[in-house]
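# Structural description and commentary
Letter by letter, the chains look like this.
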Amino acid sequence: SSGINAEYGDSVQAFKKRNKMGRFNPEVQAKLAKQAEENKERALKMKVGDRCEARTPNQPARRGEVAFVGEVEFKDGHWVGIKFDEPVGKHDGMVEGKRYFKCNNKYGAFCQPRFVEVGDFPPELDFSDDEI
């Protein structure tokens, strides 16, 4: 067989490449490059021990402490490892067998730096279990 199928194959990925869709769209690539640059710039301004608030889309704001800043093996780009004040995370600082930081299970997560604000974010006090 010759022509398009021989050159590109019949996969969805090949279709998207041919039609410049999704991540093959130059506009999408430009947006992703801009986000990567923003993440890098923000990451360079953070340090381990900083108090922070993570504001990831479609989730409530979560407070904690920066426990890792930098590149990771499981995803491209710069990431912030956060040790949350409450068990609202995904892990204990280990991802795919590699330890990036240490915390209790379900207290750790990684966020893109563009969704993390560092500053004076004291732990939120929870009085729901207190006796009167």
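Our structure's up above, just so we're on the same page.
Residues numbered from 1 in each chain as written. Predicted model: local features only at pLDDT ≥ 70, side-chain atom pairs only at ≥ 80, totals over all residues. Heavy atoms only, no water.

### What about the pairing of strand β2 (residues 62-71)?
- When strand β1 (residues 51-54) meets β2, the two strands line up antiparallel, connected through four bridges. Across the sheet, the residue bridging to A54 is R62, located in β2.
- Pairing of β2 with strand β3 (residues 78-84), which is carried by seven bridges, proceeds in the antiparallel orientation. Directly across from E71, in β3, lies its bridge partner H78.
- If you look at the hairpin formed by β2 and β3, you'll find six residues sitting between the two strands, and G77 has a positive phi there, around 95°. (Pairing = 2+ DSSP bridges. Helix = DSSP H or I, 4+ residues; strand = E, 2+ residues; numbered from the N terminus.)

### Points about the environment of D92
- Along the chain, D92 turns up in the loop between β3 and β4 (94-95).
- In the structure, D92 is positioned 15 residues away from Y107 in sequence and 6.2 Å away in space, judged by C-alpha atoms.
- Aside from chain neighbours lying at most four places away, what touches D92 is R99, F101, K102, C103, N104, N105 and K106.
- A distance of 3.2 Å separates a polar atom in the side chain of D92 from the backbone nitrogen of M94. (Contact = heavy atoms within 4.5 Å. Polar contact = N/O pair within 3.5 Å; in protein donor to acceptor, adjacent residues only side chain to side chain.)

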